[in-house]
Amino acid sequence: MPNTPTTRTTFTLPSTLDTVDRVEQEAESFANRAGFAEDDISNIAMAVREAAVNAVIHGNSYSRDKEVTASFEANDNDLVIRISDQGPGFNEEAIPDPLSPENILRGSGRGVFLMRAFMDEVHFRQLSPGTELTLIKHRLPAQDAA
């Protein structure tokens, strides 16, 4: 694969559901420009939507004085997406298993599960304040960067 330049974009938005839509649309567009297959693009967009929902609802609690930052990067090897909030943070180990019998019928709690299913890597980092979630999808050699 020839050398491909790294492409990046970052934006900061208010804690609203419109932000969730905007971040999802940007993920879909960025993954498309990066040359991912249609199924992968849909999965990436859904994983990013879940991350943005968590940032707005659980992280920032819809607070008007807190923001969500989203950054997108495509390089030779990976598509890297970071979503961060300004909330109190959380313990990743405390996330209930959505497949356990007591959680099967719950209406929420599957976002991180879906992110892990659709992305190759999912990492959490505590900020001060907030949480940064990094989603990584590895590129195949036949894919070109954005």
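Each remark here, short or long, concerns the structure printed above.
Remember, it's a predicted structure, so these values are computed and weren't measured experimentally. (Residues numbered from 1 in each chain as written. Predicted model: local features only at pLDDT ≥ 70, side-chain atom pairs only at ≥ 80, totals over all residues. Heavy atoms only, no water.)

Caption draft 1: The nonpolar core, seen in detail. Counting 32 residues, the largest nonpolar core has V23, I83 and L135 as the members making the most contacts within it. Among the secondary structure elements, those contributing two or more residues to this core are β1 (7–14), α1 (17–33), α2 (38–59), β2 (67–74), β3 (78–84), α3 (111–118), β4 (121–126) and β5 (131–138). The element best represented in this core is α2, accounting for 8 residues. Setting aside residues up to four positions removed in sequence, V23 forms contacts with F11, L13, V48, A52, A70, F72 and I83. (Core = buried A, V, L, I, M, F, W, Y, C linked by side-chain atoms within 4.5 Å. Buried < 20%, exposed > 50% of the residue type's maximum accessible area, 1.4 Å probe, protein only. Helix = DSSP H or I, 4+ residues; strand = E, 2+ residues; numbered from the N terminus. Contact = heavy atoms within 4.5 Å.)

Caption draft 2: Up close: the sheet that holds β4. Strand order in the open sheet made by the 5 strands is β1-β2-β3-β5-β4, with antiparallel pairing throughout. Every interior strand has two partners, whereas the edge strands, β1 and β4, have only one. This sheet shows a mean twist of 15° between the axes of neighbouring strands, independent of strand direction. Bridge count between β4 and β5: 6 bridges; the pairing is antiparallel. Residue V122 lies in a different strand from β5, and its bridge partner there is L135. Against the sheet, α1 contacts β1, β2 and β3, and its axis sits at roughly 170° relative to β1. Packed onto the sheet, α2 meets β2, β3 and β5 and runs at close to 20° relative to β3. (Pairing = 2+ DSSP bridges. Axes fitted to C-alpha atoms, helices over the stretch in contact; angles between N-to-C directions.)

So far we have only geometry, and geometry alone does not tell us how the molecule works.
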